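Structural characterization, general
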Amino acid sequence: MQVELRQLRCLVAIVDEGTFTDAGIALGVSQAAVSRTLASLERGLGTRLLRRTSREVTPTPAGLRVVAHARRVLAEVDDLVREATAGHTRLRVGYAWAALGRHTLAFQRRWDDTHPETELRLVRANSATAGLAEGGCDLAVVRRDPGDQRFDSAIVGLERRLCALAADDPLARRRSVRLAELGGRTLLVDRRTGTTTPELWPADARPAVEEIRDVDDWLTVIATGRCIGMTAESTANRYPRPGVVYRPVRDAEPVAVRLAWWRDDPHPATQAVIEVLTELYRQG
């Protein structure tokens, strides 16, 4: 059978209100309509959901299970409706690892001050498009070109490229390092969202590579000294960690910070976000 939302709402209303009469009042229908709707649900499911006496209505064991599921389904539907009707009063900005680093809080505060009519939400999504392709956000902060014709992007700033080392690594005593000093190490990378690949080194001097899928795991492994990491400066700001130090890589290209959006459906606030972020990075 196909369970209908009106049937689930009816069932929950009866349980919450305690009587068929009160459920009808809450739903704006007659008591007879409530009885018919519940009967059709029970008939379709092939089980009794409620016990009725002259004094009360109580769920059966099966009814308790169905009511619990019904509440979750109805809550999800309400969320779906809110999502669809929110329009442009909300702006979701996705990011994978480090958002905007030290500019994150400044961005949030400036946006609230200058665009109070549009609620800003930062959403972490560890995917190649920081949740954009998955529908989890309206705009995404990424640190490499999405390389997908469905999206447009704009560079809003540049960040230094840093090496992450165990605190007791000999190179940790240095103020900065060079790529050549890292070629013999094992580089820990997240290929979905990372900004560094072995191609950053000459072909005859590339490091070995191991893969990781989460920033906390990345930091934990680096702290052991088994691997090193290469990352944008924002990671150092967002994730200070005992046992891990970050050192600038003097001869490595900086990392471009991009804002990406759906080409055929840009959020109306896209240009405003680009302007705010560009100014923050310019000032910083």
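Residues numbered from 1 in each chain as written. Predicted model: local features only at pLDDT ≥ 70, side-chain atom pairs only at ≥ 80, totals over all residues. Heavy atoms only, no water.

Concerning the side chain of T270
Operational definition: Under the DSSP-based scheme used, a helix requires at least four consecutive residues in state H or I and a strand at least two consecutive residues in state E, with every element numbered from the N terminus. Only heavy atoms enter the contact rule, under which two residues are in contact if any of them lie within 4.5 Å.
Looking at the element boundaries, T270 is found in helix 8 (residues 270–283). In contact with T270, not counting residues within four places along its chain, are L139, L259 and W261.

What to know about the layout of surface pockets
Operational definition: Method remark: on a 1 Å grid restricted to protein atoms, a set of points is classed as a cavity if a 1.4 Å probe fits but cannot get out and as a pocket if it is open with protein on both sides within 12 Å along at least five of seven lines; lining residues have an atom within 4 Å of a point. Grid points are joined across faces, edges and corners, and a volume is the space filled by probe spheres set on the points. Under the scheme applied, nonpolar residues are Ala, Val, Leu, Ile, Met, Phe, Trp, Tyr, Cys and Pro; charged residues are Asp, Glu, Lys and Arg; polar residues are all the others, including Gly.
Of the volumes computed, that of the second largest pocket is approximately 150 Å³. Lining of the second largest pocket is provided by L100, G101, R102, H103, L158, E159, E233, S234, N237, Y281 and G284. When residues of the lining of the second largest pocket are traced back to their parent elements, those giving at least two are strand 6 (151–159) and helix 7 (233–238). Residues of the lining of the second largest pocket, tallied by class, amount to three nonpolar, five polar and three charged.

A few points about the nonpolar core
Looking at soluble globular proteins, one finds that nonpolar side chains tend to be buried together. Condition: Among buried residues, the Ala, Val, Leu, Ile, Met, Phe, Trp, Tyr and Cys ones that are joined through side-chain atoms within 4.5 Å form a nonpolar core. Throughout, exposure labels follow a simple rule: accessible area from a 1.4 Å probe, protein chains only, divided by the maximum for the residue type, with under 20% read as buried, over 50% as exposed, and the rest as partly exposed.
If you look at the biggest cluster of nonpolar residues, it comprises 23 residues, and the most contacted ones within it are L91, F107, W111, L259, V273 and L277. Residue assignment for this core shows that the elements contributing at least two residues are strand 3 (90–95), helix 5 (104–114), strand 5 (139–142), strand 6, strand 12 (255–262) and helix 8. Among the elements that make up this core, the one with the highest residue count is helix 8 (seven residues). In contact with W111, not counting residues within four places along its chain, are L91, P116, T118, L120, A269, A272, V273 and V276. Counting residues in each nonpolar core, the second largest holds 17 residues, with W97, A98, C227 and V244 among its members.

All quantities given are derived from atomic positions and should not be read as evidence of function.
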